[in-house]
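# A closer look at the structure
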Amino acid sequence: MSITRIVGSNAPRKEGPDKLRGTARYVDDHRFPAELHGATLRSTVSHGRILSVRFDPAFPWSECVVVTKDDIPGTNRVRLIEADQPVLADGIVRHRQEPILLVAHPDRATAYEALRHIDVEYEELPALLSTQDALRAEIRLYGEDNVFKTIRIEKGDTAAALAEADFVVEGEYTVPHQEQAYIETNGVAAWAEDGGITVLGSLQCPYYVHKALAPILGLPGEKVRVIQAMTGGGFGGKEEYPNILAAHAALLAWKARRPVKMVYDRHEDMLATTKRHPAVIRHRTGVTREGLLVAQEIDVVMDGGAYITLSPVVLSRGVLHATGPYSCPNVTCTARAVATHTPPNGAFRGFGAPQTLFAAELHWERIAAAVGIDSLTLRRRNIVHEGSVLSTGQRLDESAGAEAVLERCVEESRFEKRRNECERWNRKRTNPTWRGIGLAVVHHGSGFTGSGEVYLASEVSVRITNEGRIRVEAASTEMGQGTTTLFAQIAAETLGLSYEQIEIETPDTAKVPDSGPTVASRTCMIVGGLVRNACRELRTALLAAGDGESQGGDAQDGDAVSGESRREEALRGESRSGALPQTRAGLRSLARKLLSPGETSRRFTARYSPPEGVEWDEEHYRGHAYATYGYAATAVELEVDKLTYEIRVRRLTSANDVGHALHPLFVEGQVMGGSLQALGYALMENAVYADGEMKNAEFTNYILPTACDAPEMAVSLVDRPYARGPFGAKGVGEVPMDVPAPAVAAAILQATGVLVSELPILPETLARGMRVGGTT
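Residues numbered from 1 in each chain as written. Predicted model: local features only at pLDDT ≥ 70, side-chain atom pairs only at ≥ 80, totals over all residues. Heavy atoms only, no water.

### Regarding the pattern of salt bridges
- If you walk through the whole model with that rule in mind, you get 50 salt bridges.
- In this structure, Asp18 and Arg21 form a salt bridge, with 3.2 Å as the shortest nitrogen-oxygen distance. With Asp18 and Arg21 both in helix 1 (residues 16–21) and three residues apart, the pair spans about one turn of that helix.
- With a shortest N-O distance of 3.7 Å, Glu297 and Arg284 are connected by a salt bridge. With Glu297 in strand 14 (residues 293–305) and Arg284 in strand 13 (residues 279–287), this residue pair connects regions lying 13 residues apart in the sequence. (Salt bridge = Lys/Arg side-chain N within 4 Å of Asp/Glu carboxyl O. Helix = DSSP H or I, 4+ residues; strand = E, 2+ residues; numbered from the N terminus.)

### Comments concerning the confidence of the model for the protein
- Within the protein, residue pLDDT values average 95, and 95% of them lie at 70 or more.
- Segment residues 549–567 is flagged for pLDDT under 50; beyond a separation of four residues in sequence, or across chains, it makes 41 contacts in the model. (pLDDT = per-residue confidence, 0-100. Contact = heavy atoms within 4.5 Å.)

### Comments concerning the environment of Glu82
- Inspection of the secondary structure puts Glu82 in the loop between strand 3 (65–67) and strand 4 (92–93).
- Considered as a pair, Glu82 and Lys593 are 511 residues apart in the sequence and their alpha carbons are 49 Å apart.
- Residues in contact with Glu82, not counting those within four places in the same chain, are Tyr142 and Ile308.

### Some points on the sheet that holds strand 1 (residues 36–42)
- The strand order 3-5-1-12-9-10-11 describes an open sheet built from seven strands, whose pairing is mixed. Looking along the sheet, the strands with just one partner apiece sit at the ends: strand 3 and strand 11 (224–228). The sheet shows a mean angle of 25 degrees between the axes of neighbouring strands, direction not considered.
- Strand direction decides the pairing type here: strand 1 and strand 12 (residues 260–263), joined by two bridges, are parallel. Bridge pairing links Leu36 to Val260 in strand 12.
- Sitting on the sheet, helix 2 (residues 108–115) touches strand 1, strand 5 (99–105) and strand 12, and the angle it makes with strand 1 is about 20 degrees.
- Contacts from helix 6 (residues 242–256) reach strand 1, strand 3, strand 5, strand 9 (187–193), strand 10 (196–201) and strand 12, with the element oriented near 35 degrees to strand 9. (Pairing = 2+ DSSP bridges. Axes fitted to C-alpha atoms, helices over the stretch in contact; angles between N-to-C directions.)

### A short note on a positive patch on the surface
- On the surface, a cluster of positive charge is made up of Arg414, Lys417, Arg424, Arg427 and Lys428.
- Here Lys428 shows up in the loop between helix 12 (415–427) and strand 16 (433–445).
- Overall, the relative accessible area of 53% leaves Lys428 in the exposed class. (Patch = residues over 30% accessible without salt bridge, like charges linked within 9 Å, V, L, I, M, F, W, Y side chains within 5 Å. Areas by Shrake-Rupley, 256 points an atom, 1.4 Å probe, with all protein chains shown as cover. Lys, Arg positive; Asp, Glu negative; His and termini not counted. Charge placed at Lys NZ, Arg CZ, Asp CG, Glu CD. Buried < 20%, exposed > 50% of the residue type's maximum accessible area, 1.4 Å probe, protein only.)

### Considering the packing of aromatic side chains
- In the structure shown here, the tally under the stated rule is ten aromatic pairs.
- Taking the centre distance of 5.0 Å and the plane angle of 70 degrees together, the rings of Tyr326 and Trp364 count as edge-to-face. One end of the pair, Tyr326, is in the loop between helix 8 (311–320) and strand 15 (331–339); the other, Trp364, is in helix 9 (residues 353–371), and 38 residues separate them in sequence.
- By relative accessible area, Trp364 is classed as buried at 3%.
- Look at Trp616 and Tyr621: their rings are 5.0 Å apart centre to centre, the planes differ by 75 degrees, and that puts the pair in the edge-to-face class.
- An aromatic cluster of three or more residues is present, and its members are Phe55, Phe59 and Trp61.
- Sitting above the plane of the Tyr182 ring, Lys238 keeps its charged end 4.7 Å from the centroid. (Phe/Tyr/Trp six-rings, centres within 6.5 Å; stacked < 30°, edge-to-face > 60°. Lys NZ or Arg CZ within 6 Å of the ring centre and 35° of its normal.)

### Here we look at helix 9
- With 19 residues, helix 9 extends 27 Å from end C-alpha to end C-alpha; this agrees with the ideal 27 Å at 1.5 Å per step.
- Of all 19 residues in helix 9, 17 are buried; the element is thus mostly enclosed.
- Immediately downstream of helix 9, the backbone of Gly372 shows phi near 85 degrees, a positive value. (Expected span 1.5 Å × (residues − 1).)

### What to know about the sheet that holds strand 17 (residues 459–465)
- Pairing in this open sheet of four strands is mixed, and the strands run 19-18-17-20 from one edge to the other. Because the sheet does not close on itself, it has two edges, and the strands there are strand 19 (502–504) and strand 20 (601–607). Each adjacent strand pair in this sheet contributes to an overall mean axis angle of 25 degrees, direction not counted.
- In this sheet, strand 20 lies alongside strand 17 in antiparallel orientation, the contact comprising seven bridges. Bridged to Val462 within strand 20 is Phe604.
- Across the sheet, helix 14 (residues 483–495) is in contact with strand 18 (470–473) and strand 19; its angle to strand 19 comes to roughly 145 degrees.
- Helix 17 (residues 584–594) contacts strand 17, strand 18, strand 19 and strand 20 of the sheet and is inclined by roughly 105 degrees relative to strand 17.

In structure tokens:
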């Protein structure tokens, strides 16, 4: 059976018709009998002791339900990496917008009005509002040094190599907060029933919420149910934050014994929820006269905010990508995530890699200037390929497409020709603009970092019913990226059935196993692989029930085959000697032969086990940080207005290695969407903070790129199948976010002669750089 029948085709979205018809139900579309609306009273200081909370006696409090920390039946802590963050302030507030208490009322406007009738008196305390303040440790927020996590990677002898290098090039790069800007704000509904609690939410990770709620409410896990509603985007912003919002709604519902809905408006969502971690990255790089890397010394400092949230793993991914996709014999990377009295930062598409890859890629322009060799040539001389060894000692054995995407991007963008044309244009002083073209190439690990996938121990089930219905059961969520469609494609291809015959169960902790969070470019490769394995078990059982036999020649994912044979297997699909019935009636008949008397359905479950040879030493940061990597190269053409310094991106060319594309149109859409999001990060999205609070928390003055700002985009796919991924697939969701920003900065350098090493690159930033003469 050909792989192109379903996998590799642009199948219609499973949830598409409901979205197009307007029948898809998001959280705020759900109505509950006697529902209340919740609101959160938040801190107005960055650091302080709560002295008193006074309720205006003139307000009709009898109409409201109020929850304070004393109403929490379990623990006042949110379970994640560490349980350091209180559900409601524990007497001390550690950042502005920290939740203090909750109010619910039948009328949403009245619930928010009630907050204006509560007065909180504080003893204001000194605050750490920058990473520099935090590292001085004159005030302690976390531990002895305000450092949440330190990671160090060492390979070779960096100090000796730097001492012997022909050139040593230094640079510092600064990247800001970034707002996820999902189209639907955070929202949940909660209700008590049968001695437990049920939460319906716009979220990415149902089991994260489930694990957080049980100890907060003091309930056993079986009394907590979490259901994903249709979700209007996440980009990481709905990975860990819904733990807090779900806890708030659940506490109100638990006390009120009525359903409670909490849906943030845009202003509150931007003020209170997590952002991308700001960071400062310093490079000290040793190179030969020929432009070969001999040493990389890198220091990374990320601002975690007031609580740990996911900062250690964001830092981990960041430092593991900090060298860029290049071979270097001597590497020292030191990375710290530090605590400040600002709202906690968390997951955002790319998860630490966009920060460090911006520095790694833009640093090539500094090296080029020092060595006198253009940055494209330098990349070609140092880029990884199969057989290269990364900073952790990981050898790239297969599907290493860095060279291929670089050369494809150079060819399709006509990079060298366009660079010369821009140079000629800029020599004409009468032209109203400067023009430039810049290039960057990146790698991005697919799946959880290190031993994360082993820790998650994800499971996926496929169920066959006595009516012949086949349903995939997984906790991975659909939030616009195509999860339900991809799972149906993988299941249909594996079973030899039509795409229409496959159903996808709603992520609901009462119905689906824990397949891990929908993050980390893992859904297609890791969870999709489990879908394939569960379907193989189902197919074998069905054929056996029908007296058919399954051909045993197809290698399983992770089998110890190598090289070309693995690549061929990844693309070949399922070899089979028997076929399943193609009609519902035929499947019904076969299912009833399989099922025992009285059995209405049967589950076939696949559990994650690491591929052979993939090992990780967490203590020393050695080994396989990721089983495999995706790669992307992007060229950006832009022009700069000589009068206003406005920057207009004219064309973006992107070449991508995502393994084998199971749904090419989805991949193209991910690349285009991620690229535009990254252009916003590079040029527009300026989160202004003062006194520990975001001061432009509205879309009127936090500027996002729109369709009008989107340049012409050309996207191509470089097919490098990964044999241990389902049908050769790797991850795609995050890598497009990593690459455009340094390409933009490099293009601006060619256009203006100014190397801007701080994002976003605003017209006023560029103007300042022009005045000071070259670098800012």
